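Secondary and tertiary structure notes
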Amino acid sequence: MPLTDSIRTLKGVGEKRAALYEKLGIRTLMDLIQHYPRGYEDWSNPTLISYARAGVPCCIRAWVATSPTEHRVRKGMTLYRFRVTDGYTQMQVTLFNNPYAAAKVHRDQEILLYGTVVADGRRAEMTSPQIETVASAKIRPLYPLTEGLSNKMVETNVTAALELLSRTGLPEILPEDVVEQEGLCDRLTAIKNIHFPADREAIEEARRRLIYEELFVLQLGLLRLKSRSRRLNGALLHQDRTAEYAAGLPFTLTGAQSRAIADCIGDLRGACPMSRLVQGDVGSGKTAVAAGVAYSLIKEGWQAAMMAPTEILAEQHAATLQKLLGDTVRVGLLTGSLPASRKRLLHQAIAEGEIDFVVGTHALISDNVQFARLGLVVTDEQHRFGVAQRAKLAAKGQDPHLLVMSATPIPRTLALILYGDLDVSVLDELPPGRQPIETYAVGTDKRDRAYGYVRKHLDEGRQGYIVCPLVEEGEEPSDLQSATEVYERLQQGPFRGYRLGLLHGRMKAAEKEAVMTAFAAGEIQLLVATTVIEVGVDVPNAVLMVIENAERFGLAQLHQLRGRVGRGKHQSTCILISDNRGDDNLRRLSVMKATNDGFKIADEDLKLRGPGDFFGNRQHGLPQLKVADLLSDMPLLQRAQHRAALLLDADPNLEYHPALWQAVEHLFRQVGEQGLN
């Protein structure tokens with residue numbers, strides 16, 4: 001029975017249970033055995049009652065001293081109480097509405113209880129523990145579940161699948177020399193021990209093998225995708241026209257911008273296509289760098305394409321690029337919302353080379369978009385795209401140059417995964433006149449004082465934002481400040497008589513644009529908004545930002561929001577309001593107060609939240625990892641990356657490693673990544 005067979009081939013898995021497994025993405029036997037535990041309950045090493053730590057779940061081995069007695073508390077609530085002893089200490093056990101469990105407990109029986117012991121002086125108590133016979137003294141897996149699917153069900157089904165696996169065997173996918181030299185256990189042993197380990201050492205041995213395998217397969221896929229950029233330069237630049245470009249600008253490039261453009265020009269004239277990442281905070285001038293790089297290529301007859309994650313950003317970039325490049329460069333805008341007739345005309349103009357620089361969303365990578373002579377591909381906020389989406393756009397040219405821009409400072413640990421062998425240019429200077437943003441963290445008891453500070457600046461002719469995590473009341477816990485509720489309360493109270501505006505993601509595009517236009521024109525003094533303002537037009541007169549429920553935002557997001565102010569010549573202030581006194585939140589707020597450096601903030605955010613949550617909703621486009629963690633497993637990642645590169649040098653197309661190739665294809669298929677060949 002192959003592992004690709006449906007999970008319904010297992011005894012006890014009918015249509016209903018298969019539908020529950022489907023919710024977890026489990027369709028085949030292989031999916032099931034790779035549904036790894038999220039944690040474990042250790043029943044293998046019971047402790048004495050007196051040794052149990054307060055608030056920490058543990059296993060107690062004890063004898064039943066008294067039979068359970070029934071106590072009816074009220075209608076619908078029945079308690080069952082009995083006492084147990086470990087030979088030294090007695091403990092009371094209470095079960096709520098569980099006659100089935102109580103009926104299985106008998107005086108003088110030896111049992112295992114798993115739960116939390118609460119001690120009150122000499123009296124110890126355990127409420128609603130799990131109860132098993134002493135034969136269950138083992139480490140038990142805890143699985144990710146969905147409603148209707150119990151841990152016991154999954155445990156039973158996994159046991160059956162592993163019994164089948166023991167009979168049929170499990171093909172090894174890692175090369176024999178890698179397994180031996182890295183000191184890894186075999187694949188079958190790892191799978192068995194990750195589910196049903198004999199001890200903690202077995203868990204660690206299994207995890208190390210599975211983590212290494214996962215990272216090795218991931219790196220093979222990424223390196224295969226990135227290998228395209230190592231070919232010969234297909235759009236070789238002959239003349240550097242940066243001085244000509246700079247002379248036409250209405251401002252002077254910063255030193256960092258000039259260095260980044262020079263880095264790129266050097267790449268354009270090199271032996272291989274450029275693969276460069278330009279990182280910089282909001283307002284550091286990345287678009288001007290991209291325009292400067294494109295200018296020289298366009299003047300030699302090449303086309304450029306820029307892919308942005310949203311239509312609003314694409315429209316902004318198109319307008320900005322046309323201003324920067326002047327009338328001699330033809331800029332086009334291609335988005336999904338364009339009427340079909342306009343799309344056809346634009347497609348034709350691009351294919352015939354009548355558009356020099358095309359800006360668009362994912363519409364750029366559709367099959368009917370063809371370029372006459374694509375020489376440069378620019379992606380903005382690259383972490384929002386899958387790795388192969390970038391490659392698909394690049395495939396529309398003959399080995400074009402690649403320029404990646406990111407306003408989200410990415411820690412070096414994640415950059416290693418996302419960008420691998422890309423060269424990096426950092427825009428670490430802000431335009432002249434920009435001042436650090438003063439940042440304060442206060443509790444809700446200081447809110448009125450903060451509002452007074454805002455009113456003072458509004459009276460002086462400045463503008464500001466109040467940012468809330470929700471759109472409407474009732475969406476989440478009621479203590480959170482919703483945008484609509486705050487807007488209405490401020491209009492009638494602290495900011496009565498001031499010109500307020502409301503902006504959130506549920507508004508139609510035209511409504512949002514109208515609000516932002518009014519704010520930019522000074523018609524709105526105070527804008528109450530959700531995180532939709534992370535991406536918005538620059539308003540130099542906006543110098544104040546108050547962020548409600550600041551604990552609800554990650555550090556990188558707080559930094560992005562704060563970047564909406566401080567865009568002009570006036571001193572700007574950001575006030576973070578939060579009553580959360582948890583250690584992580586206090587650390588987060590402390591970092592925000594201490595620095596305006598986006599890269600330091602990104603590093604701290606990664607440490608606090610981990611890579612799985614750093615970008616949110618898996619927007620980085622990487623396949624979902626089951627056991628590996630890109631932060632804590634960095635040493636293994638670097639070893640796997642090195643060995644993956646050696647393997648690809650010897651077998652570029654993995655012709656001699658078919659099982660490994662199938663694993664790579666399977667991993668990348670999760671996010672729709674195609675074209676690994």
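Look a little higher up for the structure.
For clarity, every value in this text was computed on a predicted model and none was experimentally measured.

1. A few points about the pairing of strand β13 (residues 331-334)
One ladder, built from four bridges, connects β13 with strand β14 (residues 357-360); its direction is parallel. Considered in β14, the bridge of G332 is made with V358. The parallel pair β13 and β14 is bridged by helix α12 (residues 340-351), and the resulting crossover is right-handed.

2. Concerning the sheet that holds strand β12 (residues 303-307)
Ordered in space as β13-β14-β12-β15-β16-β11-β17, the seven strands form an open sheet in which the pairing is parallel. The open sheet terminates on both sides in strands that have one partner only, identified here as β13 and β17 (423-427). Averaged over all neighbouring strand pairs, the angle between strand axes comes to 20°, with direction disregarded. Here β12 pairs with strand β15 (residues 374-380) via five bridges, running parallel. Following the sheet pairing, A304 is matched in β15 by L376. Running over the sheet, helix α9 (residues 255-268) touches β11 (275-280), β16 (401-406) and β17 and is turned about 160° from β17. Helix-sheet contacts for α12 involve β12, β13 and β14, and the interaxial angle to β13 is about 135°.

3. Describing the sheet that holds strand β18 (residues 438-442)
Think of a sheet as strands paired side by side through backbone hydrogen bonds, with each pair either parallel or antiparallel. Pairing is parallel across the open sheet formed by six strands, whose spatial order is β18-β23-β22-β19-β21-β20. Of all strands in the sheet, those bounded by a partner on one side alone are β18 and β20 (500-503). Each strand of the sheet is rotated relative to its neighbour by a mean of 15°, with strand direction disregarded. Those strands touched by helix α15 (residues 447-459) are β19 (463-467), β21 (526-529), β22 (542-547) and β23 (573-577), and its axis lies near 165° from that of β22.

4. Focus on the nonpolar core
Most often, soluble globular proteins have nonpolar side chains that are buried together. With 62 residues, the main nonpolar core has L215, F216 and L220 as its most contacted residues. Only α1 (15-23), α2 (29-33), α4 (151-168), α5 (176-181), α6 (187-195), α7 (200-226), α22 (634-650) and α23 (658-669) provide two or more residues apiece to this core. Among the nonpolar cores identified, the runner-up in size contains 41 residues, and L297, M306, L325 and M405 belong to it.

5. Remarks on the packing of aromatic side chains
Within this structure, the stated rule accounts for six aromatic pairs. Between Y212 and F216, the aromatic rings sit 6.1 Å apart at their centres with planes inclined by 20°, giving stacked as the arrangement. Taken together, the positions of Y212 and F216, both in helix α7 and four residues apart, correspond to about one turn of that helix. As far as the burial class goes, Y212 and F216 line up, both buried. Each ring, one from Y465 and one from F519, has its centre 5.0 Å from the other, and the planes form 55°; the classification is tilted. Taken as a pair, Y465 in strand β19 and F519 in helix α17 (residues 509-520) lie far apart in primary sequence, 54 residues in all. Under the relative-accessibility criterion, Y465 is labelled buried at 1%. One aromatic cluster is present, built from ring pairs that chain together Y451, F495 and Y498. Here R373 stacks its cationic end above the ring of W302, 3.7 Å away from the centre of that ring.

Reading the values: the criteria
- Numbering of residues starts from 1 in each chain and follows the order in which that chain's sequence is written.
- Restriction of local features to residues with pLDDT of at least 70 applies here, the model being predicted, together with a cutoff of 80 or more for giving and counting side-chain atom pairs; totals for whole chains, interfaces and linings are based on all residues.
- Heavy atoms from the whole structure form the basis of all side-chain values; hydrogens and water molecules are not counted.
- Pairing between two strands requires that DSSP report at least two bridges joining them.
- Runs of H or I in DSSP of at least four residues are treated as helices and runs of E of at least two as strands, each being numbered from the N terminus.
- The crossover handedness rule: strands pointing away from the viewer, path from first strand over the helix to second strand clockwise, crossover right-handed.
- What counts as an axis is a line fitted to C-alpha atoms, over the stretch in contact for a helix, and the angles between N-to-C directions run from 0 to 180 degrees.
- In this description, contact between two residues means that some pair of their heavy atoms is separated by no more than 4.5 Å.
- Throughout this description, the term nonpolar core refers to a set of buried Ala, Val, Leu, Ile, Met, Phe, Trp, Tyr and Cys residues connected via side-chain atoms within 4.5 Å.
- Think of it in three bands: with a 1.4 Å probe and only protein chains considered, a residue is buried below 20% of the maximum accessible area for its type, exposed above 50%, and partly exposed in between.
- Stacked, tilted and edge-to-face pairs are distinguished by plane angle, under 30 degrees for stacked and over 60 for edge-to-face with tilted covering the rest, among Phe, Tyr and Trp rings (Trp via its six-membered ring) whose centres lie within 6.5 Å.
- Cation placement over rings: the criterion is NZ of Lys or CZ of Arg within 6 Å of the ring centroid and within 35° of the ring normal.

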